[in-house]
Amino acid sequence: MTSESGRPLSARLADAGVDRRSFLRFCAGVTATLALPAQLAPKVAYALDKVDRPTVIWLEFQDCAGDSEAFLRSRNPSAADLILGMISLDYHETVMAASGTAAEKARDDAVAKGGHLVVVEGSIPTGIPGACTIGGKSAEDILREAVRGAAGIINVGTCSAFGGIPAAGPNPTGAVRVEDVVGGVPVVNLTGCPVNADNLTATIVHHLTFGEFPARDRFSRPLFAYGQRIHDTCQRRGHFDAGEFAEQWGDAGHRNGWCLYRLGCKGPSTFHNCPSVRFNGGTSWPVAAGHGCVGCSEPGFWDTMSPFYDRLPHVATSGFDLTADKIGVGVLAATATGFAAHGVGKVVQHRVAAHREKQAARDQAADAEDAADAADAADNEAHSDERTGEAR
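Below is a short write-up of the structure. Keep in mind that this is a model prediction, so the values were computed, not measured. (Residues numbered from 1 in each chain as written. Predicted model: local features only at pLDDT ≥ 70, side-chain atom pairs only at ≥ 80, totals over all residues. Heavy atoms only, no water.)

Moving on, we come to the overall build of the protein chain. Of regular secondary structure, the protein chain possesses 19 helices and seven strands. In the protein chain, which comprises 392 residues, the proportion classed as buried is 53%. Across the protein chain, every contact between residues at least 6 apart in sequence was considered, and the portion connecting residues at least 24 apart equals 74%. Accessible surface computed for the protein chain: about 16,800 Å², of which carbon and sulfur atoms make up 53%. (Helix = DSSP H or I, 4+ residues; strand = E, 2+ residues; numbered from the N terminus. Buried < 20%, exposed > 50% of the residue type's maximum accessible area, 1.4 Å probe, protein only. Contact = heavy atoms within 4.5 Å. Areas by Shrake-Rupley, 256 points an atom, 1.4 Å probe, with all protein chains shown as cover.)

Below you can see the structure in the form of structure tokens.
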């Protein structure tokens, strides 16, 4: 797909059946997703209308292709509109027509021009020589070559950003994140399993409009998408505040949309904009569908968030003399200081195992722990403020 220099984006989109009104509506929607003032929508439209299509190379390594599936089901604009109008997707194993040496030549030619964006899906296997080999090149070699002269790296999904499920213990493939292999290139991590296509579109638009990635947190995740806990904007939070919890799947509380925390929801310790952006054309997301958040956008997902249907860690909810904010901070703090700051590692994994073994005993002692939980929450409010300041 070659670029059509000199032709504005609006004209190219018109050729693909996207009229001016739809283009402006898209710009307004992306501006809102990016948490930018509505007054900037015309600037976004002007910038996109003038910019030439950036070359994009999409690499897949240890992945399930879920992020590619999400991209292909994107809306506002659709994947076809993105490919035809906003970006020049010169290499993507799953969707490109070329194969074999022709496909590898397309990738190498795009890299040779420089200034491209590299989208990476999947973790990098370092423990099995030759894993994910394509055209005689290992995953590590392909990645290192692809980022030469790149304008930036967009990691889609938790696997490329943090290692994800392939990196979960015992990690037989030696799976690592992209930043463990390459450096020196701006990186943005769009975590989740899979990535939300609207967040991907908004990130690309921000780069096209301002020439850089959006403001990011300490884990290189854009603040517009990961600046708040899921708990903060969840539609079930009112039930949390009222002490109304589903106790079993299918009980009256579950059917009436009550809070899923006691069934293992990790919303109080997970940062993502799922409640507002949602999936499948903005129609729904897991909690709205009746399933608790599993924390898939966090570092160490799987090891630190499982078992998915246990409270992690236990926070007593009887009495409710705490605000929802303090409870959320308590959830973060009770696992470990590192996990409170989204940290991961063996310490957290060991504590996960300990929580599983002692769950029954903790449940019996829930009332006695109320006072301790209140103290923990108060002590860690300052830590939460410090973490928010660092992210900004």
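After that view of the structure, there is still more to cover.
Here we come to the packing of aromatic side chains. Applying the stated criterion to the full structure yields eight aromatic pairs. Ring centres of F162 and F219 lie 6.0 Å apart, and the angle between their planes is 85°; this geometry places the pair in the edge-to-face category. Residue F162 is found in helix α8 (residues 158-162), and its partner F219 is found in the loop between α9 (197-210) and α10 (223-226); the two are separated by 57 residues along the sequence. Each member of the pair, F162 together with F219, is buried. (Phe/Tyr/Trp six-rings, centres within 6.5 Å; stacked < 30°, edge-to-face > 60°.)

Relative to the helices and strands, G290 is located in the loop between α14 (274-277) and α15 (324-335). With near-sequence residues (within four places) excluded, G290 lies in contact with R236, W249, H254 and L260.

Backbone hydrogen bonds are what pair the strands of a sheet, in a parallel or an antiparallel way. Taken in spatial order, the five strands of this open sheet run β2-β1-β3-β5-β7, and their pairing is parallel. The sheet terminates laterally at β2 (88-92) and β7 (187-190), the two strands that pair on one side only. Adjacent strand axes in the sheet meet at a mean angle of 20° when their direction is disregarded. Where strand β1 (residues 55-60) and strand β3 (residues 117-121) come together, five bridges link them in parallel fashion. Each bridged residue has a counterpart across the sheet, and for W58 the counterpart in β3 is V119. (Pairing = 2+ DSSP bridges. Axes fitted to C-alpha atoms, helices over the stretch in contact; angles between N-to-C directions.)

What follows is about the pattern of salt bridges. Evaluation of the coordinates by the stated rule reveals 14 salt bridges. With a closest N to O distance of 3.4 Å, E140 and R144 form a salt bridge. Of the two residues, E140 and R144 are both situated in helix α7 (residues 139-146); the distance of four residues between them amounts to about one turn of the helix. The residue D232 makes a salt bridge to R237 at a minimum N-O spacing of 3.6 Å. A relative accessible area of 18% places R237 in the buried class. A cluster of three or more residues bridged by salt bridges with shared partners is formed by E104, R107 and D108. (Salt bridge = Lys/Arg side-chain N within 4 Å of Asp/Glu carboxyl O.)

Where helix α2 (residues 20-33) meets α9, the axes come as close as 9 Å, and the angle between the chain directions of the two elements is 100°. With respect to each other, α2 and α9 are oriented roughly perpendicular. Residues F26, V30 and T33 of α2 touch α9, and the partners they reach there are D198, N199, T201, A202 and V205. By residue class, the composition of the contact of α2 with α9 is four nonpolar, three polar and one charged. (Parallel < 35°, antiparallel > 145°, perpendicular 65-115°, else oblique. Nonpolar A, V, L, I, M, F, W, Y, C, P; charged D, E, K, R; others polar.)

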